[in-house]
Amino acid sequence: MAGILSGLRVIECSTYIAGPAAATMLSDFGADIIKIERPPYGDPYRYLPQVAGMPVSEQNYCWILDDRNKRSVALDLNDAESRQALVQLINGADIFITNYQPQLLRRFKLEYAELAAANPRLIYTSITGYGENGDDAEKPGYDATAYWARSGLMYGMHSGDAEPVQSPPGFGDHPTSVSLFAGIMLALYQRQLTGRGAKVNTSLMANGAWANGCLIQAALCGAEFLPKWTRASAINPLVNHYVARDGRRMFFCLLDQPRDWPRLCRALELPELTEDPRFSTSDLRRENSTALIAMVDQAIARRDLDDWALIFKHYDLIWGPVPSAAEVARDPQMESNGVFAEIHPGLKTVQNPITVEGCEKQAPRMAPKMGEHTREVLRSAGCGDEQIDHMIARGAASG
């Protein structure tokens, strides 16, 4: 069955994650994605799993995830003929996605005004590190620097006895790609109403601020921030993590304390705590948090996590396991909800998180080799075989 976005052509001139992931989301719903890569090595994201500290695998797992379903065209945009071939592709496209810095867009003549003049229906989509204005507009940035660090998320994401932690790869890029996808959909709807394209833009920094919005809004309101605490002295013992007998970790998020406190005590087989004057109110539980956390630690350590899961379900407590990535990949709840899809016999990939009734996602296809589709795509743009051969011979293209 054709996807809801079948018939839309997308030209993607972007590297790493946020822009490519937004294109992947479009492809999941049927859009035709032509990814432009620079020869001879292509998008540097192809090589991220080789960076020290990344999980070791024979599979190029980053590339499989964020560049599935696409066609790869290798063009050196420093070459005038290659750039002209790209412009021909953009002139026949519905959507253009780029994360190139402003200085590169100027150099390659890929700015919005120039492309929109030739293709007024074009949805021009730009993702930057720090926005399009201000002193840092041309500054390069990864999600670790622009989303995670700059937004204040990194500053606050640690216990009082630890240093701030690094973010996982793609931690900010993937949420930002959803914002980009949403902006593209809004622009497509506007085009349906007006017949004209538009420019869509967002930044890793702005998405990081949105993710950290509660605390930033508190700062904007002049709120007083409390010192960081440790797990063993958390201000709210009912919003804390604990370790079961089998070494597996779990996290409580018990916000309705009048309801949840007595239920927790019964679940832990500590009903006497409901009568203990040290813990009779939320303020007293906060004042005596160290003692209470120690008691909960001892209680949780008496059973395995699977046993606690049944008990917490019985008492209707809100909690969650804290699994490893390997455990998440085997999570039956995710399987039941279509979070994973087979992309190759014996190999699954993570689906994008949007589901719309009646809009089936396409079966995912393996990500392309660099320049795998250069010839077929350039032919469709009107380039002859002799021209393509000449471009490849002098390194302006690859395929």
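Structure's up top.
Reading the values: the criteria
- Residues numbered from 1 in each chain as written.
- Predicted model: local features only at pLDDT ≥ 70, side-chain atom pairs only at ≥ 80, totals over all residues.
- Heavy atoms only, no water.
- Helix = DSSP H or I, 4+ residues; strand = E, 2+ residues; numbered from the N terminus.
- Buried < 20%, exposed > 50% of the residue type's maximum accessible area, 1.4 Å probe, protein only.
- Areas by Shrake-Rupley, 256 points an atom, 1.4 Å probe, with all protein chains shown as cover.
- Pairing = 2+ DSSP bridges.
- Axes fitted to C-alpha atoms, helices over the stretch in contact; angles between N-to-C directions.
- Contact = heavy atoms within 4.5 Å.

Undergrad: Looking at this structure, I do not really get the overall build of the protein. What am I missing?
TA: When helices and strands are tallied, the protein shows 18 helices and 12 strands. For the protein, the spread of C-alpha atoms along the principal axes amounts to about 85 × 50 × 45 Å. Per-residue burial for the protein yields a buried fraction of 42% across its 399 residues. For the protein, the computed accessible surface area is about 20900 Å², with 55% contributed by carbon and sulfur atoms.

Undergrad: Is there a simple way to explain the sheet that holds strand E7 (residues 241-243) in this structure?
TA: Two strands in a sheet stick together by hydrogen bonds in their backbones, pointing the same way (parallel) or opposite ways (antiparallel). A sheet is described by the order of its strands in space; here 3 strands give the open sequence E7-E8-E9, paired in antiparallel fashion. Pairing within the sheet leaves two strands with one partner each, and these edge strands are E7 and strand E9 (319-321). With direction set aside, neighbouring strand axes in the sheet form an average angle of 25 degrees. As defined by bridge partners, E7 adjoins strand E8 (residues 249-252) across 3 bridges and the pair is classed as antiparallel. Bridged to Val243 within E8 is Arg249. The sheet strands contacting helix H13 (residues 289-300) are E7 and E8, and the helix crosses E7 at an angle near 40 degrees.

Keep in mind these values describe shape, not function.
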